[in-house]
Amino acid sequence: MELLLADRVTVAFEGPGAGSGPLSWGQIESWNAVRTLGHWMPIGGALPLRPGTTVEDVAGELRHHLSRHPTLRTLLRIPAGGGTPTQEVHASGVSLLEVYDTSGADPSDVAEALAGRYRDTDLDFTVEYPIRMAVVLRDGVPSHVVALISHFAADGAGAQAMLRDVAARSSAPVAGRQPLEQAQWQASPAGRRQNESALRHFEGILRTMPPARFRAPAGPERPRFWRAGFDSAALPLALRALTARTGADPSAVLLAVFAMAVHATCGIDPVVVRPLVSNRFRPGLADVVCTAVQAGLCRVPVAGLDFDDVLPQARRAATTAYKLAYFDQRDLFALVDRVGAERGERLEIGCFLNDRRDPSAGGPEPTAGEIEATLSRSAFGWVVRRAAPGFEPMILDVEDTATGLRCTAHTDTAHISPADTEALLRHLERIAVACAVTASAVRSG
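One structure accompanies this document, and this report is about it. (Residues numbered from 1 in each chain as written. Predicted model: local features only at pLDDT ≥ 70, side-chain atom pairs only at ≥ 80, totals over all residues. Heavy atoms only, no water.)

Points about the packing of helix 8 (residues 250-266) against helix 9 (residues 307-324)
Note the cut-off: To define axes, lines are fitted to C-alpha atoms, for helices over the stretch in contact only, and angles between the resulting N-to-C directions are given on a 0 to 180 degree scale. In this description a helix means any DSSP run of H or I spanning at least four residues, a strand means any run of E spanning at least two, and both kinds are numbered starting from the N terminus. By definition, any crossing whose near helix is turned counterclockwise from its far helix by less than a right angle is left-handed, and any crossing with a clockwise turn is right-handed. Residues count as neighbours in contact if any of their non-hydrogen atoms are within 4.5 Å of one another. Here the term charged refers only to Asp, Glu, Lys and Arg, the term nonpolar to Ala, Val, Leu, Ile, Met, Phe, Trp, Tyr, Cys and Pro, and the term polar to all other amino acids, Gly among them.
At a closest axis distance of 8 Å, the pairing of helix 8 and helix 9 adopts a crossing angle of 115 degrees. Taken as a pair, helix 8 and helix 9 cross one another with a handedness that is right-handed. Across from Ser251, Ala252, Val253, Leu255, Ala256, Val257 and Met260 in helix 8, the residues of helix 9 making contact are Phe307, Val310, Leu311, Ala314, Arg315, Ala318 and Tyr322. For the contact of helix 8 with helix 9, the per-class residue count stands at twelve nonpolar, one polar and one charged.

Focus on the side chain of glutamine 329
Threshold: Note on exposure labels: buried denotes an accessible area under 20% of the residue type's maximum, exposed denotes more than 50%, and partly exposed covers the range between, all computed with a 1.4 Å probe on protein chains only.
By the secondary structure assignment, glutamine 329 is in helix 10 (residues 329-343). A relative accessible area of 6% means that glutamine 329 is categorised as buried. Excluding its chain neighbours within four sequence positions, the residues that come into contact with glutamine 329 are Ile28, Glu29 and Asn32.

Observations concerning helix 10
The following threshold applies: Expected helix span is taken as 1.5 Å per residue step, with the number of steps being one fewer than the number of residues. The arc in question is traced by the directions running from the helix axis to the C-beta atoms.
If you check helix 10, its first and last C-alpha atoms are 21 Å apart, about what 15 residues at 1.5 Å a residue would give, namely 21 Å. Looking at helix 10, one finds that the buried residues are Gln329, Leu332, Leu335, Val336, Val339 and Gly340. Projected onto a plane normal to the axis of helix 10, the buried residues spread over an arc of 125 degrees and lie on a single side. What points out from helix 10, more than 90 degrees from its buried face, is the exposed set Asp337 and Ala341. Those residues of helix 10 that are buried lie in contact with helix 1 (25-37), helix 6 (189-206) and strand 10 (271-278). Just downstream of helix 10 lies glycine 344, where phi reads positive at about 75 degrees.

Topic: unusual backbone geometry
Omega for the peptide link from arginine 222 to proline 223 comes to 0 degrees, which places this bond in the cis form. Along the polypeptide, proline 223 turns up in the loop between helix 6 and strand 9 (225-232). In the segment running from aspartate 269 into proline 270, the intervening peptide bond is cis, with an omega of -5 degrees. With respect to the secondary-structure elements, proline 270 resides in the loop between helix 8 and strand 10. Phi angles above zero are rare outside glycine, and methionine 41 is one such case at about 55 degrees. Within the element layout of this structure, methionine 41 appears in the loop between helix 1 and strand 3 (42-48). When its relative accessible area of 18% is taken as the criterion, methionine 41 is described as buried. In this structure, aspartate 139 takes a positive phi of about 55 degrees despite not being glycine. Structurally, aspartate 139 is set in the loop between strand 7 (131-138) and strand 8 (141-150).

Some thoughts on the pairing of strand 5 (residues 86-89)
Regular strands place their side chains on alternate faces of the sheet. Rules: At least two bridges found by DSSP between two strands are what make those strands a pair.
Taking every second residue as pointing to the same face, the buried face of strand 5 carries Gln87 and Val89, while none of Thr86 and Glu88 on the other face is buried. Examined bridge by bridge, strand 2 (residues 19-22) and strand 5 share four bridges and lie antiparallel to one another. Opposite proline 22, over in strand 5, you have threonine 86 as the bridge partner. In the sheet, strand 4 (residues 74-77) pairs with strand 5 via four bridges, with the strands oriented antiparallel. Along strand 5, the bridge assignment pairs leucine 75 with glutamate 88.

Quick look at the packing of aromatic side chains
The condition that has to hold: The aromatic pairing rule takes the rings of Phe, Tyr and Trp, using the six-membered ring of Trp, and pairs them if the centres are within 6.5 Å, calling planes under 30 degrees apart stacked, those over 60 edge-to-face and the rest tilted.
Evaluated as defined, the whole model comprises eleven aromatic pairs. With a centroid separation of 6.4 Å and 75 degrees between ring planes, the pair formed by tryptophan 25 and tryptophan 185 is classed as edge-to-face. In this pair, tryptophan 25 is assigned in helix 1 and tryptophan 185 in helix 5 (residues 179-186), connecting sequence segments 160 residues apart. A centroid spacing of 5.0 Å and a plane angle of 80 degrees characterise the contact between tryptophan 226 and tryptophan 382, whose relative ring orientation is edge-to-face.

Structural notes on the sheet that holds strand 5
Each strand in a sheet pairs with another by means of backbone hydrogen bonds, the pair being arranged parallel or else antiparallel. Taken together, three strands build an open sheet; the order of strands is 2-5-4 and the sheet is antiparallel. Two strands close off the open sheet at either side, each with one partner strand: strand 2 and strand 4. Between one strand axis and the next, the sheet turns by 25 degrees as a mean value, whatever way the strands run. Along the sheet face, helix 5 touches strand 2 and strand 5 and points at about 40 degrees away from the line of strand 2.

Okay, structure coming up:
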């Protein structure tokens, strides 16, 4: 689709918190992901505007975001020989708000096409702020806004904090510990103790775990990186039933079922998983626009155990992983290399579980019949096959949909075969349903 640029509006801004220094731990993890994926990792997209919204209104919103949140007016200084960048937060500057005309096309189609262009166009973190916004006009009237932010600048919780802040239009100073302040704390004695505790926990797992996470495939497919989607109406019902029966945290229930599914797929035990953890519970991070998600590391024994035995293991592993998923990722990478060299093996820890479900979602405990009645609606399919940018060996995103849960597996076929990926997703549903139905039968009997 041809996109017709009608105007570029210069948006000047100024705000507090200027300075320069090292990256925070969350920024380091996000930056390494940007480098691994070869992509600026944008979140956001296109949305219709309320009637009466002007271009000036949208420009004002962009100005508000940039003025309030230091992470959005941050540029990077990348060492000539590579390595970890440092950051510079600007006290003032300008950004551009692009304005596009539909020229008779459907404005929603134009907005989606523009969002796709923004996603696919590289961002130079040394000269471009990590936010892109545009307005789409229909007959000269603003119809849609396109807004994308790099995950380096904000995770999902940070994006929600942005929306709350712009809705409130508060003039009070932004509360919380901004990334430069986070990095200062992380370099303090308390921060070093946190990092050292995490590394001791990681080393205990690295020294005893099986070196591989999955069965070695015959070889990478061409193209190498595949993404699968599995939609299930039964899985959320089964997980809800297990959560209600056990009283466990929903994330621990999912971790237990996921570990059982990995073991059923490849037979490796114990299962080592990297759950993605939001560190928003830590002091000063609750409402900060930044990236505070890091991947922990936990070990869940599964072999010869049923769900009631695996769940306590998963609960303990999850609790420790969440507590210690606040660390310098560079030290973890160095530790993996060192322990692997001492063991004489290449250690692979790339098995990620990203639980994106709404923690407030609930409902009555379903019956076995209600769960089984939804199994016919399950659907699996491959949605992406590409040569680059790449993925980790396995990242599983689990998120709510209008009809159930969508499980999205991002895979590197050099580490896990397409057949094992499909088997893993189907095992996830099968095991959850079987455990929930069995428990229901026992309770009713």
